[in-house]
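# A look at the structure
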Amino acid sequence: MDIEALFKIKNKVTLVTGGSRGIGEMIATGFVQAGAKVYITSRKAKDCEETAAKLNTLGPGQCIPLPADLQNMDQIKQLVVELSKREKHLDVLVNNAGATWGAPIDEYPEAAFQKVINLNVTRIFSLTQALLPLLRSNASRENPARVINIGSIAGDYVPAHESYAYSASKAAVAHMTRHLAGRLGREFILCNTVAPGSFPSKMMAETISKNKDAILAKVPLGRIGSPEDVAGTCIYLASRASAYTNGATIIVDGGVSQNNSRL
């Protein structure tokens, strides 16, 4: 057994959606520093290019910006075209791009609900489906391709705040991942979910700022998640170490989900 090779992802061709900030940037950073060739998407081209430039100073891997608004099916198609021009295969797809919306139930807008479900669930399926030719291209029993979907612990319990579409979407992501795993595993494409708790992302920034002490009190480890925590989990799921892991949901929350008093 080659222990040193178990977690190597050097030169793996990877696409991280929503990779210009937050958890997506954390994952992309870890992959670049591990030597992978990482494409990142972002709705805002400037953000995407600036993050890629920053990550390229870290090495030894490489980061390439491919801006795209994943709400838009035409832009998903164009993203796949552009990636296909550059690569003959895709080793790892990290579906991280997502949105949330909070509002009291009597005021919750239907348009917002649809927007969140579309990006967080429908477009994960759309992009994965569109990238199947690239994922299949180099996949084998010995070296499977990987789809890593970023869910949330909010998909497994009822949050205190009124974010109905977000929690529903993340529950759907976990189940859809299991369904994909059962089908695509036959083609040596492994599908797994990572369910983070509280991390210092833009989406969580206001919540952490206003409720940090209360949040920390419910985390058995007594801290917010770090970039290493989520990047390390995804590196495991992209490496030889996880080649027999398919359809799993890995919770990365410091133990919050095992607490009786959750966030």
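Here, the structure is the one placed above.
Read on for an overview of the structure. Please read all numbers here as calculations on a predicted model, not as lab measurements.

### Some thoughts on the pairing of strand β1 (residues 13-16)
- Burial along β1 is two-sided: the face carrying Val13 and Leu15 and the face carrying Thr14 and Val16 are both buried.
- As paired elements, β1 and strand β2 (residues 37-40) share four bridges and run parallel to each other. By the bridge assignment for β2, Val16 is matched with Ile40.
- Regarding topology, helix α1 (residues 22-33) serves as the crossover connection from β1 to the parallel β2, and that connection is right-handed.
- Direction of pairing for β1 relative to strand β4 (residues 92-95): parallel, over a ladder of three bridges. Of the residues in β4, the one forming a bridge with Thr14 is Val92.

### Observations concerning the environment of Asp91
- Counting through the fold element by element, Asp91 comes out in the loop between α3 (73-86) and β4.
- For Asp91, a relative accessible area of 11% translates into the label buried.
- Taking the C-alpha atoms as reference points, Asp91 and Ala145, 54 residues apart in sequence, are found 4.8 Å from one another.
- From its side chain, Asp91 meets the backbone nitrogen of Val13 in a polar contact 2.8 Å long.

### Considerations on the environment of Tyr39
- Tracing the sequence through the fold places Tyr39 in strand β2.
- Look at Tyr39 and you get buried, because its relative accessible area is 2%.
- Residues Tyr39 and Pro65, spaced 26 residues apart in sequence, show a C-alpha to C-alpha distance of 5.8 Å.
- Sequence-distant contacts of Tyr39, defined by excluding residues within four places in its chain, comprise Val13, Thr14, Leu15, Val16, Ile64, Leu66, Leu83, Arg86 and Glu87.

### Quick notes on empty space enclosed by the protein
- Scanning the entire structure with this criterion turns up one cavity of 30 Å³ or more.
- Every residue along the wall of the largest cavity is listed here: Thr17, Leu70, Asn95, Asn96, Ala97, Leu119, Arg123, Ile124 and Leu127.
- In terms of residue count, helix α4 (residues 110-130) provides more of the lining of the largest cavity than any other element does, four residues in total.
- Looking at the lining of the largest cavity, its residues break down into five nonpolar, three polar and one charged.

### Focus on helix α2 (residues 45-55)
- For α2, the set of buried residues is Cys48, Thr51, Ala52 and Leu55. In a view along the axis of α2, the buried residues occupy a sector of 100 degrees, so they form one face of it.
- Here the buried face of α2 lies against α1, β2 and β3 (62-65).

Criteria and thresholds
Residues numbered from 1 in each chain as written. Predicted model: local features only at pLDDT ≥ 70, side-chain atom pairs only at ≥ 80, totals over all residues. Heavy atoms only, no water. Buried < 20%, exposed > 50% of the residue type's maximum accessible area, 1.4 Å probe, protein only. Helix = DSSP H or I, 4+ residues; strand = E, 2+ residues; numbered from the N terminus. Pairing = 2+ DSSP bridges. Right-handed = clockwise from strand over helix to strand, strands pointing away. Polar contact = N/O pair within 3.5 Å; in protein donor to acceptor, adjacent residues only side chain to side chain. Contact = heavy atoms within 4.5 Å. 1 Å grid on protein atoms, 1.4 Å probe; cavity = no way out; pocket = protein on both sides within 12 Å on 5 of 7 lines; lining within 4 Å. Points joined across faces, edges and corners; volume = space filled by probe spheres on them. Nonpolar A, V, L, I, M, F, W, Y, C, P; charged D, E, K, R; others polar. Arc of directions from axis to C-beta.

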